[in-house]
Amino acid sequence: MCGIVAYTGSRPALPILLEGLKRLEYRGYDSAGVALHEEGQFQIYKQAGKVSALARSVAGVPLSATTGIAHTRWATHGAPTDPNAHPHLSYDGEVVLVHNGIIENYAALRARLAAEGIPFASETDTEVLVHWIAWHRRRRPHASWEEVLREAFASVEGTFGIAMLVRSEPGLVILIRRFSPLLIGLGEGEFIAASDATAIVAYTRRVVYLEEDEVALLHPSQEAPQIFSLADRRREARVEYIDWDVSAIERGGFPHYMLKEIFEQPNALRDCMRGRIRQEPLEVRLGGISSVMDRLLAAPRLTLVGCGTSWHAALVGEYLLEQLARIPTEVEYASEFRYRDPVIGPQDVVIGISQSGETADTLAALRLAKEKGALALGITNVVGSSIPRETHAGIYIHAGPEIGVASTKAFTAQLTALTMLALHLGAARYTLDRTLHDTLLEALLRLPDQVEATLHALNEPVRALAERFHTVSNALYLGRGYNFPVALEGALKLKEISYIHAEGYPAAEMKHGPIALVDEGMLVVVIALRDSLYEKVLGNVQEVRARGGRIVAIATEGDTEIQAYAEAVLYVPEVPEPLSPILTVLPLQLLAYHAAVLRGCDVDQPRNLAKSVTVE
Ligand code: F6R
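Treat the numbers as computed from the prediction; the structure is a model and nothing was measured. (Residues numbered from 1 in each chain as written. Predicted model: local features only at pLDDT ≥ 70, side-chain atom pairs only at ≥ 80, totals over all residues. Heavy atoms only, no water.)

**Student:** Residues and numbers for the side chain of K260, please.
**Tutor:** Looking at the element boundaries, K260 is found in helix α6 (residues 257-263). Those residues in contact with K260 that sit more than four places away from it in its chain are S247, A248, E250, R251 and F254. (Helix = DSSP H or I, 4+ residues; strand = E, 2+ residues; numbered from the N terminus. Contact = heavy atoms within 4.5 Å.)

**Student:** How would you explain the environment of Q355 if you had to name every residue and give the values?
**Tutor:** When you line up the elements, Q355 lands in the loop between β19 (349-354) and α11 (360-371). On the basis of relative accessibility, which here comes to 9%, the residue Q355 falls in the buried class. Taking the C-alpha atoms as reference, Q355 lies 9.9 Å from I387; in sequence the two are 32 residues apart. In this structure the side chain of Q355 is engaged in a polar contact, spanning 3.0 Å, whose partner is the side chain of N381. (Buried < 20%, exposed > 50% of the residue type's maximum accessible area, 1.4 Å probe, protein only. Polar contact = N/O pair within 3.5 Å; in protein donor to acceptor, adjacent residues only side chain to side chain.)

**Student:** Explain the packing of aromatic side chains residue by residue, including any values.
**Tutor:** The way to describe two aromatic rings as a pair is by their centre distance and the angle between their planes. As enumerated under the stated definition, the model contains five aromatic pairs in all. Plain terms: the ring middles of F153 and F160 are 4.9 Å apart, the flat faces sit at 50° to each other, and that makes the pair tilted. Both residues of the pair, F153 and F160, count as buried. Between Y319 and Y482, the aromatic rings sit 5.4 Å apart at their centres with planes inclined by 40°, giving tilted as the arrangement. (Phe/Tyr/Trp six-rings, centres within 6.5 Å; stacked < 30°, edge-to-face > 60°.)

**Student:** Now, about the site of the ligand: what can you tell me, with residues and values included?
**Tutor:** Around the ligand sit 14 residues in total, of which S310, S354, Q355, T359 and E496 are the nearest. Within the side chain of S354, a nitrogen or oxygen atom sits 2.6 Å from an oxygen atom of the ligand. Residue S356 places a side-chain N or O atom 2.7 Å away from an oxygen atom belonging to the ligand. Within the complex, 90% of the 410 Å² of free accessible area of the ligand lies under protein. Broken down by secondary-structure element, the contributors of at least two residues to the shell around the ligand are α9 (308-325) and α15 (484-498). Here the residues of the shell around the ligand are counted per class, giving four nonpolar, eight polar and two charged. (Near = heavy atom within 4 Å. Areas by Shrake-Rupley, 256 points an atom, 1.4 Å probe, with all protein chains shown as cover. Nonpolar A, V, L, I, M, F, W, Y, C, P; charged D, E, K, R; others polar.)

**Student:** With reference to specific residues and values, describe the sheet that holds strand β11 (residues 206-209).
**Tutor:** An order of β3-β2-β4-β1-β10-β9-β11-β14 is seen for the eight strands of this open sheet, with the pairing classed as antiparallel. The open sheet has two edge strands, β3 (41-48) and β14 (240-241), and neither has a second partner. Pairing analysis gives four bridges linking strand β9 (residues 183-186) to strand β10 (residues 191-194), with the strands arranged antiparallel. Counterpart to L186 in the pairing with β10 is F191. Of the strands in this sheet, β1 (3-8), β2 (31-38), β4 (67-73) and β10 touch helix α1 (residues 13-24), which is tilted by about 160° from β1. (Pairing = 2+ DSSP bridges. Axes fitted to C-alpha atoms, helices over the stretch in contact; angles between N-to-C directions.)

**Student:** Can you lay out the pairing of strand β22 (residues 474-479) for me, pointing to particular residues and giving the numbers?
**Tutor:** Judged by how many residues are buried, β22 sits mostly within the fold: five of six residues are covered. Two elements, β22 and strand β23 (residues 501-506), share six bridges in a ladder whose sense is parallel. The residue of β23 that forms the bridge with L476 is E503. Considered for its hand, the β-α-β crossover made up of β22, α15 and β23 is right-handed. Strand direction decides the pairing type here: β22 and strand β24 (residues 523-528), joined by four bridges, are parallel. Residue pairing for β24: Y477 is matched across the bridge by V525. (Right-handed = clockwise from strand over helix to strand, strands pointing away.)

**Student:** Lay out the environment of V128 with the relevant residues and their values.
**Tutor:** Within the element layout of this structure, V128 appears in helix α4 (residues 125-139). The exposure class of V128 is buried, given its relative accessible area of 0%. Taking the C-alpha atoms as reference, V128 lies 59 Å from Q279; in sequence the two are 151 residues apart. Discounting residues that sit within four places of it in the chain, V128 has contacts with Y106, L109, R110, L113 and F120.

**Student:** Describe the pattern of salt bridges, and please don't skip the residues or the numbers.
**Tutor:** When their charged atoms lie close together, side chains carrying opposite charge are able to pair. Counted by the stated rule, this structure contains 38 salt bridges. One salt bridge in this structure joins E250 and R23, with 3.2 Å as the shortest N-O distance. Here R23 lies in helix α1 and E250 lies in the loop between β14 and α6, a separation of 227 residues in the sequence. E250 gets classed as partly exposed once you look at its relative accessible area, which sits at 33%. What makes R23 buried here is its relative accessible area of 14%. Between D449 and R270 there is a salt bridge; the shortest N-O distance is 2.8 Å. Of this pair, D449 sits in helix α14 (residues 434-469) while R270 sits in helix α7 (residues 265-273), and the two are 179 residues apart along the sequence. Classification of R270 by relative accessible area gives partly exposed; the value is 27%. A network of salt bridges, in which partner residues are shared, links R177, E212, R367 and E390. (Salt bridge = Lys/Arg side-chain N within 4 Å of Asp/Glu carboxyl O.)

Any functional reading would require information beyond the geometric quantities listed.
Structure representation (structure tokens):
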């Protein structure tokens, strides 16, 4: 949600900043801008629209500046217009900055500045911030930045990741962080900082993560960033290493990141399981939570929190943890959990599920759980992101960078991690029959190959099916048991990238209302596996058929009976029921993808969305 890049060193800054913005564009693409600092002057270029438009308009700009900041925006305060685009310049021309986050008390600050006669050129909270900092600087021209920023930020409320330049201090980049992530790449005589590692790995894999309420001063004349806290806390910058390289964030011959990531799922699952399943005795090992196992095993219940696709993974997790580990489990939208004063205490365990590890609501829900004394755990993809840094322990899903805004491989890797967790807890609590435990674990190990085969078998048939259905206006996704959350996920995928209105329902619930919508124009996608609920689902399919709905069934390989009920059938291999969501979601991801392509939609950057939702 908004992407920031900053560079200072000896190379031309502009191409590095533009390249960084392209990498970060999945975080927001309402507007883009860059500020360069050269010989005591700022050059600022910014406009509504995507990074490619900005890149075209700065094509002739000389490449002599070696310090700069840049921003790609997901609009919060103020429409996506040129004046509202970042960077924003202070009233005295001394400070220019880019900002990710929201200044909650911007109205109060604005009123104070307006009373001082300071004029405003945009509607953004960010402009308030830049004037506020410049005003404090002017009041104390001889104070250090540490003193000025501490004073200025004592009265700023909200969230921010900020990169800023100071006209009278060439080469200097200042970063400030509260809540919104920032990390600093360390090069030879240069620094490149950004909202996430995708903008950095092409230059260096040595990074320092900025922590809450920290400020970093970067100057090419210094080997290390100078870091201080807005509170009275100091720390040595700890250098960490990013364990993937730039090839992981290239499209690699695929037309879209989403398709690439769909096809990366076999490897994402393998990487998620690597080193975590031991043979003889067959068992799961989860090093990330071994230190908190006693508390986990004693917990009377688990609460899973997440948003969007991660919330759907949590719903599958509820089935897994209750069936296999027999621990009462609740699932909550992170955004609801944190605002309803939940009854949570030291005996509780709250597990946040998040691909990015930065989703504001999930992070805040985990913070609340910690405050109430609960054990807070994270199931996260992005290594070093805020959730794993702030929780007591957790599990990385190791799916690799996910760039497409629609989450795909993170979902199936989250399900893999949750399955391992449920098996691990089930075994440790002796609630899970040993034979079932081994059967499921062996089946889990076979799953990546089955995912691979299924994707290759289904891609073309699903594309052909999308040709038939991509013009519908409404779709209903139905599933039961483990596959009810998959129905929700299929509907979310379709609506977010193809803009076809879609709803997911438990198949049996349909007759309590939504069936009124079914007519000849309605696409109804039913997950109807030969499992414990098969006959029931067939009954639900009949109800839809009787009303003229056009049925696409996701069925178990070898099931010919279903063909009599559906206009089209997509088969997935038979696996134990708890593992089936990892296969049934594949045709739904492909259907959403191909429908969106056929409708001419921007698959990787759907309208109004951003990958990492770092505002509440
Ligand atoms: C949907 C999607 C979103 C995210 C949600 C949570 O395809 O990607 O619904 O799942 O914004 O994001 P994370 O998992 O990063 O917390």
